[in-house]
Amino acid sequence: MQIILFDNLKRKELWPLTATKSVADLRCGILTIKERWEARTKYPVFVITEEYLQNAYTAVPAEEAFIIDATVFADDALLEQILALQTGEALADEDGLVAGVLPFLPELFKRTDPLPYFNNISKITGVKRLQKTWQLFQWNDEILREDFKLITKGRASQPVSPTNFIHQQADIFIEEGARVEFAFLNSTTGPIYIGKDAEIWEGAVIRGPFALGHHAVIKAGAKIYGATTIGPWSAAGGEIKNAVISGYSNKAHDGYLGDSVIGEWCNLGAGTTNSNVKNTAANVKLWNAFSNTYEGAGVKAGVIMGDYTRVAINSSINTGSVFGVSANIFGNGLLPTLIDSFVWGIDNRYDFEKALQAIDNWKKFKHSSLSAQEISVLKHIFEQNKH
């Protein structure tokens, strides 16, 4: 048996985070959606998404499979219902297919209208679906706690060095190869997870819930409050609160980041700070690319930043900002709340070849390089953004 996660019609609501990847690869808590299904079911997981992204994913074997909407966050009860499904059976809610079982994935499977493939559909309610980008930081507290239990169940943490100041050690888990010295770790407010070969430098102050991905680094003197996730191979410093840094990104210096989601391969220059609350304490609105309008996201919302985007030193990011893919952003005063993909500065067009070279340069810092598949995806986005 296998699992196939498919992107539904509204994946664009999660722009710019889904411009470069499937919904299945979005990170919330400790894991990505795909990783969480793998960990909870022990089944191999495959992805069906937009045509221009599909080559980045492994081909789906012609075998019986659970077909599951990638936006679905299943609790234990829903997971039990899904795993009990038989061939041809499905669960659906008001937003369409939640999950079903097919003997194999049809060659021309219509992921935007999948219900006709099933002959026995049961209606359910109360399904938790990821439908807005800001839910990733709003849900991060709850999901991080659940992931911590999932990942650490039946396992023993590496010893905590006696140089650290610890409050409630039982909820701190350190993977093999991680190095944590002279730090302040307080898990009374939530669990603290430190991934394999990660580092927390001296003087860092961390309150849970908190997750640090493998090979990631917390710089000296950092102040981090839950619920915060620092993805793999990222570097973090300064002050961070209730943020998700997806992976391979840097917010390595002083400055504040709060109630935000940062994509992969991003860089926030030294001193860059975002606002997450309006001076009026009114509801914050963020851009929704699917509805082409601003939508309320609650009283706290910082910045949603697409993959490969960089922001210059000492930048001031306004409340409720959305920045696209592969933008090189700089400007005086508060930055605009909406900056498109492949922007140079604030409103100039980024030369495509120069953008690729810059991305490749940044990747070399983390011993990587730009792949042909990534170039193809970026080319598609660049062409779609021609004005």
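In case you missed it, the structure is sitting above this.
The notes below deal with the structure included here. If you're wondering where the values come from, they're calculated on a predicted model, not measured in any experiment.

Moving on: the overall build of the protein chain. Looking only at helices and strands, the protein chain has seven helices and 37 strands in total. What you see for the protein chain is a C-alpha radius of gyration of 21 Å, in line with the 21 Å of a compact globule of 387 residues. In terms of overall dimensions, the protein chain has a C-alpha envelope of 60 × 55 × 45 Å along the principal axes. Each of the 387 residues in the protein chain was classed as buried or not, and the buried ones make up 55%.

This brings us to the packing of aromatic side chains. Counted according to the given criterion, the structure contains 14 aromatic pairs. Ring geometry for Phe165 against Phe184: centres 5.7 Å apart, planes inclined by 45°, an arrangement best described as tilted. Linking Phe165 in strand E11 (residues 165-167) with Phe184 in strand E14 (residues 184-186), this pair joins segments that are 19 residues apart in sequence. Residue Phe165 is classed as exposed on the basis of its relative accessible area of 53%. Judged by centre distance (4.7 Å) and plane angle (20°), the rings of Tyr248 and Trp265 are stacked.

Glancing now at a nonpolar patch on the surface. Among the surface-exposed residues, Phe165, Phe184 and Val205 lie close enough to one another that they form a single nonpolar patch of about 290 Å² accessible area. In this structure Phe184 comes out as partly exposed when scored by relative accessible area, which is 40%.

Before going further, it helps to spend a moment on the environment of Ile68. Structurally, Ile68 can be placed in strand E5 (residues 65-69). Residue classification places Ile68 among the buried residues on the basis of a relative accessible area of 0%. Between the C-alpha atoms of Ile68 and Ala252, which are 184 residues apart in sequence, the distance is 37 Å. Residues in contact with Ile68, not counting those within four places in the same chain, are Ile3, Ile4, Leu5, Phe6, Trp37, Ile82, Val98 and Ala99.

What follows deals with the nonpolar core. In terms of nonpolar packing, the biggest core is built from 63 residues, with Leu5, Trp37, Leu78 and Leu378 touching the most fellow members. With five residues, the single largest contributor to this core is helix H6 (residues 352-364). In this view, Leu5 contacts Ala24, Ile33, Lys34, Trp37, Val45, Phe46, Val47, Ile48, Ile68 and Ala70; residues no more than four positions away in its chain are not counted. Listed in part, the 38 residues of the second largest apolar core include Val180, Ile192, Ile194 and Ala216.

Now for unusual backbone geometry. Here the residue pair Trp15 and Pro16 is connected by a cis peptide bond, since its omega of 5° sits within 30 degrees of zero. With respect to the helices and strands, Pro16 occurs in the loop between strand E1 (2-6) and strand E2 (27-28). The backbone phi angle of Asn292 is positive, close to 55°, even though this residue is not glycine. Within the fold, Asn292 resides in the loop between strand E28 (285-288) and strand E29 (293-296). Of note in the backbone geometry, His367 takes a positive phi value of approximately 60° without being a glycine. Within the secondary structure layout, His367 lies in the loop between H6 and helix H7 (372-384).

Rules used in this analysis
Residues numbered from 1 in each chain as written. Predicted model: local features only at pLDDT ≥ 70, side-chain atom pairs only at ≥ 80, totals over all residues. Heavy atoms only, no water. Helix = DSSP H or I, 4+ residues; strand = E, 2+ residues; numbered from the N terminus. Rg over C-alpha atoms; globule rule 2.2 N^0.38 Å. Buried < 20%, exposed > 50% of the residue type's maximum accessible area, 1.4 Å probe, protein only. Phe/Tyr/Trp six-rings, centres within 6.5 Å; stacked < 30°, edge-to-face > 60°. Patch = residues over 30% accessible without salt bridge, like charges linked within 9 Å, V, L, I, M, F, W, Y side chains within 5 Å. Areas by Shrake-Rupley, 256 points an atom, 1.4 Å probe, with all protein chains shown as cover. Salt bridge = Lys/Arg side-chain N within 4 Å of Asp/Glu carboxyl O. Contact = heavy atoms within 4.5 Å. Core = buried A, V, L, I, M, F, W, Y, C linked by side-chain atoms within 4.5 Å.

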